[in-house]
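Here's the letter readout for the chains.
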Amino acid sequence: MTVHALQAPGSGGRLSPAEGREANRNAPPFQANVMPDIHPSAEGLVAPEPVRGCHVQPKDYAWFQESLAHTTAAGLMAFTGSGHTTARHLTDRQGRKRFTGLEHAASMSIQDAAHTLFGNEYVGTDHVFRLNGPRVEAFSGVDKEVFRLLARGDVEEYRALVHASRGVRPRLTFDKNWGGPVSVHADGSVFALRLLPGQNEEPCACSSR
C-alpha cells in the first residue's frame, strides 16, 4: 500500500478533519462505500484522467481510522484462534459470518490455552506438530489484558496500552521456565515453541550410508 501525505509545518499535534465526525474506534465496524479512483486537481479547465487508487477525503477520515483499528484488532484476535472475538471487529464484507459459527475446541482461545511467559500471562491456542521427528508444541496468543480489552470491544484502551508499552514489550529470547524460544511483539502478541516433555533433545546419530 502506498500512502501519500502532505507535510504540515508546526510544533506537532494531531490533524483534525475539517468536516465530518471524530473517530470512535469502540463503535462496531461498518462498511462504507467509498468511490474508487484518485482525481487529481484540475489544470485550468482541463480535468486530468482519474488515477487508480482510493482517495480518503476528510469526510471519510473517521471511518478510515476506525476501519484500520478494527482490522488490526481482528488480525490480532485471529492469531489467538478466537473466532467470535475476531468476528466482532469485522464487517460482513470482510467475512464476519465466517467466524460466528460453532468453534472447535482448539479455537476457543479463552478456554484453550494460557501460559505465563517472562512473568506475563498470555492466552491463545496450542498446536502440536512434528519437527524432524520430535513433537513440538507451538503457542500463539496475546497478552491477557490485551485479549480482555479486545474481547469486549475496547479498541481505544487497547491502542493506548500498546502505545505505552511499545518500547519495552518486544522481546525474542529463550524462556527457561517455558522451555523454549519466545517471541513477543509490540502489539502484545506472542509466539512460543518448545519440545513436548519426555523427548530426547539431542539429534539422533544417524548412519551416513
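Refer to the preceding data block for the structure.
For clarity, every value in this text was computed on a predicted model and none was experimentally measured. (Residues numbered from 1 in each chain as written. Predicted model: local features only at pLDDT ≥ 70, side-chain atom pairs only at ≥ 80, totals over all residues. Heavy atoms only, no water.)

> Looking at this structure, how should I read the overall build of the protein?
Secondary structure assignment for the protein yields five helices and six strands. Start at the N end of the protein and walk to the C end: the helices and strands fall as α-α-α-β-β-β-α-α-β-β-β. Here the protein holds 209 residues, and 31% of them are scored as buried. Per element, the accessible surface of the protein, about 14,300 Å² overall, is 54% carbon and sulfur. (Helix = DSSP H or I, 4+ residues; strand = E, 2+ residues; numbered from the N terminus. Buried < 20%, exposed > 50% of the residue type's maximum accessible area, 1.4 Å probe, protein only. Areas by Shrake-Rupley, 256 points an atom, 1.4 Å probe, with all protein chains shown as cover.)

> Explanation requested: the packing of helix 1 (residues 61-80) against helix 5 (residues 155-164) in the structure shown.
The packing of two helices is summarised by the inter-axis angle and the distance between the axes. Put simply, helix 1 and helix 5 touch, their axes get as near as 11 Å, and they point 75° apart. Judged by the inter-axis angle, helix 1 sits roughly perpendicular to helix 5. Facing helix 1, whose interface residues are A69, H70, T72 and L76, helix 5 presents V155, Y158 and R159. In terms of residue class, the contact of helix 1 with helix 5 is built from four nonpolar, two polar and one charged. (Axes fitted to C-alpha atoms, helices over the stretch in contact; angles between N-to-C directions. Parallel < 35°, antiparallel > 145°, perpendicular 65-115°, else oblique. Contact = heavy atoms within 4.5 Å. Nonpolar A, V, L, I, M, F, W, Y, C, P; charged D, E, K, R; others polar.)

> Please clarify how the environment of F147 should be interpreted in this entry.
Summarising the element assignment, F147 is placed in helix 4 (residues 144-151). Look at F147 and you get buried, because its relative accessible area is 3%. Each C-alpha atom, one on F147 and one on A73, is 9.6 Å from the other, the two residues being 74 residues apart in sequence.

> Looking at this structure, I do not really get the side chain of T85. What am I missing?
On the secondary structure map, T85 appears in helix 2 (residues 83-87). Only 2.9 Å separates the side chain of T85 from the side chain of S82, close enough to count as a polar contact. Beyond its immediate sequence surroundings of up to four residues, T85 is in contact with M77, F147, L150 and A151. (Polar contact = N/O pair within 3.5 Å; in protein donor to acceptor, adjacent residues only side chain to side chain.)

> Before we go on, may I ask you to explain unusual backbone geometry in this structure?
Negative phi is the rule for most residues except glycine; trans is the rule for most peptide bonds. Positive phi, close to 80°, is recorded for D37, a residue that is not glycine. Its place among the elements puts D37 in the segment before helix 1.

> What's the story with the sheet that holds strand 4 (residues 171-175) in this structure? I'm lost.
In a beta sheet, neighbouring strands pair by backbone hydrogen bonds and run either parallel or antiparallel. Within the open sheet, the six strands sit side by side as 1-2-3-6-5-4. Their pairing is antiparallel. The open sheet terminates on both sides in strands that have one partner only, identified here as strand 1 (113-117) and strand 4. Neighbour to neighbour, the strand axes of the sheet diverge by 30° on average, direction disregarded. Packing of helix 1 onto the sheet brings it into contact with strand 2 (120-130), strand 3 (135-143) and strand 6 (189-195), and relative to strand 3 it is tilted by some 145°. Of the strands in this sheet, strand 2 and strand 3 touch helix 4, which is tilted by about 60° from strand 3. (Pairing = 2+ DSSP bridges.)

> Which parts of the structure should I look at to understand the nonpolar core?
One recurring pattern in soluble globular proteins is that nonpolar side chains are buried together. The biggest cluster of nonpolar side chains holds 13 residues, and the ones touching the most others in it are L76, M77, V142, V146, L150 and Y158. Mapped onto this core, the elements with two or more residues apiece are helix 1, helix 4 and helix 5. Non-local contacts of V146, meaning those with residues more than four positions away in its chain, are made with L76, Y158, L161 and D187. Counting residues in each nonpolar core, the second largest holds nine residues, with Y122, W178, V182 and A192 among its members. (Core = buried A, V, L, I, M, F, W, Y, C linked by side-chain atoms within 4.5 Å.)

> What's the story with the pattern of salt bridges in this structure? I'm lost.
For the coordinates displayed, the defined rule picks out nine salt bridges. Across the salt bridge formed by E66 and R21, the nearest N and O atoms sit 2.6 Å from each other. Linking E66 in helix 1 with R21 in the segment before helix 1, this pair joins segments that are 45 residues apart in sequence. Residue class for E66 comes out buried when judged on its relative accessible area of 5%. The partner of D154 in a salt bridge is R152, and the shortest N-O contact between them spans 3.3 Å. Among the ionic contacts, a cluster of salt bridges with common partners joins R152, D154 and E157. (Salt bridge = Lys/Arg side-chain N within 4 Å of Asp/Glu carboxyl O.)

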